Amino acid sequence: MSSSDSKPGPKPGPWPPAPESSAMPPSTWAKRTGFRPKFSGEATATDSGQVPLPASVRARQPETQPDLEAGQPRLRPPPGPAVANGETDKEKKEKPPQPPPPPPPPGAGPVKRRRDSDGATGRSNGPDGANGSGDPIRRPTRIEETVEVLPQSVDDDLVARSLHMKYGLRDTPGLVPIGFYGLQHYLSMLGSLILVPLVIVPAMGGSHEDIANVVSTVLFVCGITTLLHTSFGSRLPLIQGPSFVFLAPALAIINSPEFQGLNGNNNFKHIMRELQGAIIIGSAFQAVLGYSGLMSLILRLINPVVVAPTIAAVGLSFYSYGFPLVGKCLEIGVVQILLVVIFALYLRKISVLSHRIFLIYAVPLSLAITWATAFLLTEAGAYTYKGCDPNVPESNVVSSHCRKYMTRMKYCRVDTSQALRSAPWFRFPYPLQWGVPIFSWKMAIVMCVVSVIASVDSVGSYHASSLLVASRPPTRGVVSRAIGLEGFTSVLAGLWGTGTGSTTLTENVHTIAVTKMGSRRVVELGACVLVILSLVGKVGGFIASIPQVMVASLLCFMWAMFTALGLSNLRYSEAGSSRNIIIVGLSLFFSLSVPAYFQQYGISPSSNLSVPSYYQPYIVASHGPFKSQYKGVNYVMNTLLSMNMVIAFIMAVVLDNTVPGSKQERGVYVWSDSETVTREPALAKDYELPFRVGRFFRWVKWVGI
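Quantities reported herein were computed from a predicted structural model and do not represent experimental measurements.

Analysis parameters
Residues numbered from 1 in each chain as written. Predicted model: local features only at pLDDT ≥ 70, side-chain atom pairs only at ≥ 80, totals over all residues. Heavy atoms only, no water. Helix = DSSP H or I, 4+ residues; strand = E, 2+ residues; numbered from the N terminus. Buried < 20%, exposed > 50% of the residue type's maximum accessible area, 1.4 Å probe, protein only. Contact = heavy atoms within 4.5 Å. Salt bridge = Lys/Arg side-chain N within 4 Å of Asp/Glu carboxyl O. Core = buried A, V, L, I, M, F, W, Y, C linked by side-chain atoms within 4.5 Å. Expected span 1.5 Å × (residues − 1). Disulfide = S-S within 2.5 Å. Phe/Tyr/Trp six-rings, centres within 6.5 Å; stacked < 30°, edge-to-face > 60°. Lys NZ or Arg CZ within 6 Å of the ring centre and 35° of its normal. Polar contact = N/O pair within 3.5 Å; in protein donor to acceptor, adjacent residues only side chain to side chain. Patch = residues over 30% accessible without salt bridge, like charges linked within 9 Å, V, L, I, M, F, W, Y side chains within 5 Å. Areas by Shrake-Rupley, 256 points an atom, 1.4 Å probe, with all protein chains shown as cover. Axes fitted to C-alpha atoms, helices over the stretch in contact; angles between N-to-C directions. Left-handed = near helix turned anticlockwise from the far one by under 90°. Nonpolar A, V, L, I, M, F, W, Y, C, P; charged D, E, K, R; others polar. Parallel < 35°, antiparallel > 145°, perpendicular 65-115°, else oblique. pLDDT = per-residue confidence, 0-100.

Caption draft 1: How the structure looks around the overall build of the protein chain. For the protein chain, the count of helices and strands is 30 helices and six strands. For the protein chain, with 705 residues in total, the buried portion stands at 54%. Put simply, of all contacts in the protein chain between residues at least 6 apart along the chain, 81% involve residues at least 24 apart.

Have a look at this one:
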């Protein structure tokens, strides 16, 4: 035998040979629900960040209902061609037949397949997972997903049940369920509806009666604008209200240098009229942006990597207001924070009659308990000091003993507010109740920029909520129509004088996921109840009498939630991508650092400012670094560049649209198109205008479906 014959030949590989690795289709809601590849532009990771198991493995595992609390619903499979591993039946027919695998080499043993715990299939011809040659087996690094879709004949309502939502978008339950779930829906969002006026009215120097009147006006406008939005806007079950996006610019306008010389009721009415003028112009700009179709073009620039840091910066920007005000009465403020955290986190899974009462009602429950505790302490004399009257203004107190305890009496006692006693039983909010609006171009420009950021916030809410309750996301035309209507409703808010614009509240997404209620009828009935309650003056007086420390404590939780909800938009992109991590990190850091430079410029540590410390970030217009010969330009630039959300938006939108990245990596929002509307009647039913109003506007293609 020759020496060449004695040399061992090359070791045979595993048998059968592993198929050539193909590009894995995106494992997103689009692929999992039967979207054709051309519609999918989101990340390859699932909402939970895990690679889905193949169908054969899922069949062996017990079904678990998804936790909508985490905002990760199982989405409704749309009717369409069955999809498996990213290929439709049509694509399979067009694909050329593959040649059969070569026969096994002589002497090869039987092929054994072993299923690993992660769903990968190992091939072994020998012990310990080795093939016949002793080489370790090669496992595929990525698992192709087998998508299971429901048949096309499944009724829409039945498909909605597969979402584990109690009621779908177009469901109309009985009057009793609508009333119960409507009350639940609005109570869970109580903080978002009432806290903004409790912040801005005292900052304007308004009295307790002014606070009660503004609260009643806010409830009235929220009810009207919500009815308009669910009927002629996006038609999604989204509550409209005074968004936190408008809070920072409102405080900046309130603390403008020209208003420092005013005092008392004149100060409140004058500043409110200035705010009304700025809101009306900024909202009209937003309406033009939507109804002209420009929003359809801007949507190409708005993606999860832009929305996430922009909305997160809104919540982070109020860190100087939150706990510094809570510290005025720690024993009340800290208890309030602890209770809302315990209810929302530690007790969130406790259910009573299939309702997570502690999670849904965390804010009203914690407020009621803390308020009752503070009332008992006040009645027990814990905050009563001999010879001191809490109703006397601090500037008029002569005694040093009383001056020492004035802060505790003002912020800890619950009987210092006269709002409930002075409020009338019936009051109808009417337009221009504070006077004719005052229009200032410099403040109007600030509000125009803020309206763009409010639109970005709403776009993220439309997309996230549509994945929960609708058959598919809306079309770009529907989004433009909704933004245009938000501009119109904010004009109404400006005319009525709420102090802020009216926009989609970001907390809607969390509320829908927790309550599992997606019917627009529920939201509409709750909006009607809001309008009725706004006519009862005592309701506004009761809300206005909430102690300021409790308001600040609830805001700490609400702003933290707002930040988290903003960052949760990253689940639609590849959150682990270094590109996205750097963009979000830079946007958040500079959204805190750049405004800090503007806010601290020209202020020495020994400066004696006339405003409280928690309002100092909003007086930058009087001392900012931008200085030119035009005072109006100085005001606009110093004010805008001192806002955290403006810097975050500029950084994110520039970086996300200039740094190279695939659509999957960026998580580009997937909106429905006209072909999808034609193919799927359910989509048209979800978003078409009621009473056949849409047929009169069919020529306006950019604001319809």
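Once you've had a look at it, read on.
Caption draft 2: Quick look at the pattern of salt bridges. The full count for this structure, using the stated rule, is eight salt bridges. Across the pair aspartate 686 and arginine 170 runs a salt bridge whose closest N-O atoms are separated by 2.7 Å. Here aspartate 686 is found in helix H30 (residues 681-687), whereas its partner arginine 170 is found in the loop between helix H5 (156-161) and helix H6 (175-188), with 516 residues between them in sequence. Since its relative accessible area comes to 29%, arginine 170 is described here as partly exposed. A salt bridge links arginine 666 to aspartate 656; its shortest N-O distance comes to 3.3 Å. Pair noted here: arginine 666 is in helix H28 (residues 663-666) and aspartate 656 is in helix H27 (residues 644-658), with a separation of 10 residues, a long-range link. The class for arginine 666 is buried, based on a relative accessible area of 14%. Here the salt bridges share partners, and the residues they tie into one network are Arg579, Asp656 and Arg666.

Caption draft 3: Main features of the nonpolar core. Met204, Phe244, Leu247, Leu251, Val459 and Ile546 are the most contacted members of the largest nonpolar core, which has 130 residues in total. Sort the elements by how many residues they give to this core and helix H19 (residues 441-469) lands first, with 13 residues. Filtering out sequence-adjacent residues up to four positions away, isoleucine 546 remains in contact with Ile194, Leu198, Leu367, Trp371 and Val551. Of all hydrophobic cores here, the second largest spans seven residues; its members include Ala308, Ala312, Leu570 and Ile583.

Caption draft 4: Structural detail: helix H20 (residues 476-496). Over its 21 residues, H20 runs 30 Å from end to end, which matches the ideal 30 Å to within 8%, given 1.5 Å per residue. The buried fraction of H20 is high, at 18 of 21 residues. Just downstream of H20 lies glycine 497, where phi reads positive at about 85°.

Caption draft 5: Structural view of the state of the cysteines. Under the counting rule described, the total for this entry stands at one disulfide. A disulfide bridge connects cysteine 329 with cysteine 412, and the sulfur atoms are separated by 2.0 Å. Judged by the torsion about the S-S bond (125°), the cysteine 329/cysteine 412 disulfide is right-handed. Here cysteine 329, found in the loop between helix H13 (322-326) and helix H14 (330-346), pairs with cysteine 412, found in helix H17 (residues 400-412); they are 83 residues apart in sequence, far enough to count as distant. In terms of burial, cysteine 329 and cysteine 412 fall into one category: buried.

Caption draft 6: Local environment of the environment of glycine 290. With respect to the element layout, glycine 290 can be found in helix H10 (residues 264-291). When the C-alpha positions of glycine 290 and arginine 481 are compared, they lie 5.8 Å apart, and in sequence the two are 191 residues distant. Residue contacts for glycine 290: discarding those within four places in its chain leaves Met295, Ser480, Ile483, Gly484 and Val703.

Caption draft 7: Highlighting the packing of aromatic side chains. According to the stated counting rule, one finds 16 aromatic pairs in the structure shown. Put simply, the rings of Phe244, Phe318, Tyr321, Trp559 and Phe562 pair up and form one aromatic cluster. A cation sits over an aromatic face here: lysine 442 above tyrosine 635, 4.6 Å from the ring centre. In this structure, lysine 538 is placed above the aromatic ring of tryptophan 425, and the distance from its NZ or CZ to the ring centre is 5.5 Å.

Caption draft 8: Just helix H9 (residues 247-254), in detail. Counted residue by residue, H9 has eight buried out of eight residues, so it is predominantly covered. All buried positions along H9 are accounted for by Leu247, Ala248, Pro249, Ala250, Leu251, Ala252, Ile253 and Ile254.

Caption draft 9: Layout of the side chain of serine 502. Within the secondary structure layout, serine 502 lies in strand S6 (residues 502-504). Residue serine 502 is classed as buried on the basis of its relative accessible area, which comes to 3%. Of the polar contacts made by the side chain of serine 502, one reaches the side chain of threonine 225; its length is 3.3 Å. Beyond its immediate stretch of four places on either side in the chain, serine 502 contacts Thr225, Gln240, Gly241, Glu486, Thr489, Ser490 and Ala493.

Caption draft 10: Spotlight on a nonpolar patch on the surface. A surface patch of nonpolar side chains, amounting to about 480 Å² of accessible area, comprises Trp441, Ile445, Phe626, Tyr630 and Val633. Assignment of secondary structure puts tyrosine 630 in the loop between helix H25 (578-600) and helix H26 (631-641).

Caption draft 11: Expanded view of the packing of helix H7 (residues 190-203) against helix H8 (residues 208-232). Here H7 crosses H8 at 145°, and the two axes come no closer than 9 Å. For the crossing formed where H7 meets H8, the hand is right-handed. Contact with H7, carried on its side by Leu193, Pro197, Leu198, Val201 and Pro202, involves Asp210, Ile211, Val214, Val215, Val218 and Cys222 of H8 and no other residues of that element. Grouping the amino acids of the contact of H7 with H8 by side-chain chemistry returns 10 nonpolar, no polar and one charged.

Caption draft 12: The arrangement of unusual backbone geometry in detail. Despite not being glycine, arginine 235 has its phi angle at roughly 70°, a positive value. Within the element layout of this structure, arginine 235 appears in the loop between H8 and strand S5 (240-242).

Caption draft 13: Spatial organisation of the environment of isoleucine 546. With respect to the helices and strands, the residue isoleucine 546 is situated in the loop between helix H23 (537-544) and helix H24 (548-567). Taking relative accessible area as the criterion, isoleucine 546 reaches 9% and is therefore assigned buried. As for isoleucine 546 and tryptophan 371, which are separated by 175 residues in sequence, their C-alpha atoms are 7.9 Å apart.

Caption draft 14: Just the packing of helix H12 (residues 304-316) against H27, in detail. Orientation of H12 relative to H27, taken along the N-to-C sense of each, is 170°, at an axis distance of 8 Å. Considered as vectors, H12 and H27 are oriented roughly antiparallel to each other. With respect to the hand of their crossing, H12 and H27 are arranged in right-handed fashion. Of the residues in H27, those in contact with Val305, Val306, Pro309, Thr310, Ala313 and Val314 of H12 are Asn644, Met645, Ala648, Phe649, Ala652, Val653 and Asp656. Taken together, the residues of the contact of H12 with H27 sort by class into 10 nonpolar, two polar and one charged.

Caption draft 15: The arrangement of the confidence of the model for the protein chain in detail. Residue-level pLDDT values for the protein chain average 78, and 72% of them are 70 or greater. Long-range and interchain partners of residues 1-7, a stretch whose pLDDT sits below 50, account for zero contacts in this model, where long-range means more than four residues apart. Taken together, the stretch residues 105-163 has pLDDT below 50 and engages in 113 contacts with residues farther than four places along the chain or on a different chain.

Caption draft 16: Local environment of the environment of glutamate 258. Of note, glutamate 258 is situated in the loop between H9 and H10. Taking the C-alpha atoms as reference points, glutamate 258 and serine 622, 364 residues apart in sequence, are found 9.3 Å from one another. Ignoring sequence-local partners within four residues, the contact set of glutamate 258 consists of Lys442 and Met443. One polar contact links glutamate 258 to lysine 442, side chain to side chain, over a distance of 3.2 Å.

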